[in-house]
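In case you want the letters, here they are:
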Amino acid sequence: MTTEGESGAPSAAAAYCIALSDVESAAERIAGLASRTPVLISTSIDLLCSSAAADDDDESSSNPLAVAPTSPANIQQQKQPQRSIFFKVEALQRTGSFKFRGALNATLALRERVLRQEAAAAADGASECKDINVVTHSSGNHAQAVALAARIASDLDNQEKKKVNATICMPRNAPIVKRKAVAGFGGEIIMVDNTNEAREEMADRIVEEREAHFIHPSEDPKVIAGQGTATLEMVEQVQDILRERASKQGNAASTTPPSSFDKPLDAVIIPVGGGGLASGNTIALRGLFGDKVKIILAEPKELDDAKRSREAGKLLGHHEGNRLNSVADGLKTTLGPNTWPIVRDLVDDIITVSEEDILRATKLIWERLKVCIEPSAGVGVAVALSDDFAEKYRIEDGIVNVGVILCGGNVDIIQTCKLMEQMGL
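(A) Looking closely at the sheet that holds strand β6 (residues 213-214). The strand order across the open sheet formed by 4 strands is β5-β4-β3-β6, and the pairing between neighbours is parallel. The sheet is open, and its two edges are formed by β5 (188-192) and β6, each paired on a single side. In the sheet, strand β3 (residues 132-137) pairs with strand β4 (residues 164-171) via 6 bridges, with the strands oriented parallel. If you follow valine 134 over to β4, its bridge partner there is alanine 166. Of the strands in this sheet, β3 and β4 touch helix α5 (residues 141-155), which is tilted by about 170° from β4.

Rendered as structure tokens:
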């Protein structure tokens, strides 16, 4: 399956649903409408990651997450960190997660296509202008993203007004706060039973009855391309940070080689569930840097379908009987036919982490960055601080600058704090 506008893309991209050019087009399309989220840094977290990497050969050492990561003893082991972590904070994106990027790109691209079709029909004397209807199924972040994207597309200030109506099929157990958010953005909510089959059946019915366009949360190529725009921003932002560091240190004393400006990141850690974020940003990274950057996906051990799929060489779902009991509820979905080939072929590694480490990492970001991320975003942080990452991707092998995408911030703070307390955190 291919998308429009792939001219000039590497021939290798023909095997995948998008290419770098699609991500670049998405960036132009959503510019000024989606937020350019910040990249944040923390010396104390850099010291923790540097300590983990330096101690990876010491059998007596522990994962820094397991020994009070915010204690002075941990963050003062070194005067200067040897590894730098750059956090792309998608928790501060509109609607509170990266999902808005993909939903907005898909909705605006659809609007453009419909307007072109109507213009062509008008030229042939058969003009018929209708509202655009979009539909999706989601219990949370994607639901809010599509609802807001439809409202923005309807309100675009140009000569070609086009109403976009969003219908969201939500399970009856969807949190009330997320249902209120969808309604607040103008989306129509249709409640269905708490099964994937019920969601899909209702969405299919709406597509047929309303001539609606279905926007899949992770398999739609325009959604995938939109998610990849986070990397384009992050690369530019990290380049700016490195240049500023070099300027402050002075050219003679700078520890940042000029080549770092061209390839500012040695590795990038991305959470994976359905794979839209992972595959979109993987395509962007490979298109920009080829194999010069390591791409590591982060996954909860309780939701390890992506890791098992990669190890087996074929697409697998969750284990039969898996109750999906993970605090990282945003990563419960599985890879699909568009995202799987990208993960299979272009990702270097998938590292899984425990529920306790996810919560510890989430707490660490709350305390150090002062950003309220959701545990799904904490998965990537836990990987960055893990023994597995430290052992495989060593500082002495050139893995110094590491990007971590903090995918979202839609979290039930009270419930998450209760879980932290239960684990003694």
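(B) Structural view of the pattern of salt bridges. All chains considered together, the criterion is met by 22 salt bridges. Glutamate 188 serves as the salt-bridge partner of arginine 210, at 2.9 Å between the closest nitrogen and oxygen. With arginine 210 in helix α7 (residues 196-210) and glutamate 188 in strand β5, the pair connects residues that are 22 residues apart, well separated along the chain. Relative accessible area serves as the criterion here: at 35%, glutamate 188 is assigned to the partly exposed category. Linking lysine 392 and aspartate 349 is a salt bridge whose minimum nitrogen-to-oxygen distance equals 3.0 Å.

(C) Broad picture of helix α1 (residues 20-30). Where α1 is concerned, the buried positions are Leu20, Ser21, Asp22, Val23, Ala26, Arg29 and Ile30. Elements that come into contact with the buried residues of α1 comprise α4 (99-123), α8 (221-227), α9 (229-249) and α11 (276-289). Glycine 32 lies just past α1 and shows a positive phi near 85°.

(D) Looking closely at unusual backbone geometry. Residues other than glycine seldom take positive phi values, yet glutamate 211 does so here, at roughly 55°. What makes glutamate 211 exposed here is its relative accessible area of 56%. The backbone of lysine 370 shows a phi angle near 60°, a positive value even though the residue is not glycine. Mapped onto the fold, lysine 370 is located in the loop between α14 (355-368) and α15 (375-384). Residue classification places lysine 370 among the exposed residues on the basis of a relative accessible area of 66%.

(E) Summary view of the sheet that holds strand β2 (residues 84-89). Spatial strand order, β1-β2-β10-β7-β8-β9: 6 strands in an open sheet with mixed pairing. Looking at the sheet topology across the chains shown, the edges are occupied by β1 (39-40) and β9 (349-353). Across 5 bridges, the pairing between strand β7 (residues 267-271) and strand β8 (residues 294-300) is parallel. Considered in β8, the bridge of proline 271 is made with alanine 298. The sheet contacts of α15 involve β2, β7, β8, β9 and β10 (401-406), and relative to β8 the element is tilted by about 125°.

(F) Summary view of the confidence of the model for the protein. Per-residue pLDDT for the protein has a mean of 88; in total, 87% of the residues score no lower than 70. Here residues 1-13 is modelled with pLDDT under 50, and outside its nearest four sequence neighbours on either side it reaches 25 contacts, counting other chains as well. In this model residues 68-77 is a low-confidence stretch, pLDDT under 50, and it forms 20 contacts with partners more than four residues away in sequence or in other chains.

(G) Structural view of the pairing of β9. Extensive coverage of β9 is indicated by the burial of 5 of its 5 residues. Every second residue of β9 is oriented toward a common face, with Asp349, Ile351 and Val353 on one face and Ile350 and Thr352 on the other, all of them buried. Two strands pair when backbone bridges link them, and β8 and β9 are joined in this way by 5 bridges, in the parallel orientation. Each bridged residue has a counterpart across the sheet, and for glutamate 299 the counterpart in β9 is threonine 352.

(H) The arrangement of the packing of α11 against helix α13 (residues 339-346) in detail. Contact geometry for α11 and α13: axes closest at 9 Å, N-to-C directions at 50°. Here α13 runs oblique to α11, going by the angle between their axes. Classified by chirality, the crossing of α13 by α11 is left-handed. On α13, the residues that touch Gly276, Ser279, Thr282, Ile283 and Arg286 of α11 are Thr339, Ile342 and Leu346.

So, how was this worked out
Residues numbered from 1 in each chain as written. Predicted model: local features only at pLDDT ≥ 70, side-chain atom pairs only at ≥ 80, totals over all residues. Heavy atoms only, no water. Pairing = 2+ DSSP bridges. Helix = DSSP H or I, 4+ residues; strand = E, 2+ residues; numbered from the N terminus. Contact = heavy atoms within 4.5 Å. Axes fitted to C-alpha atoms, helices over the stretch in contact; angles between N-to-C directions. Salt bridge = Lys/Arg side-chain N within 4 Å of Asp/Glu carboxyl O. Buried < 20%, exposed > 50% of the residue type's maximum accessible area, 1.4 Å probe, protein only. pLDDT = per-residue confidence, 0-100. Parallel < 35°, antiparallel > 145°, perpendicular 65-115°, else oblique. Left-handed = near helix turned anticlockwise from the far one by under 90°.

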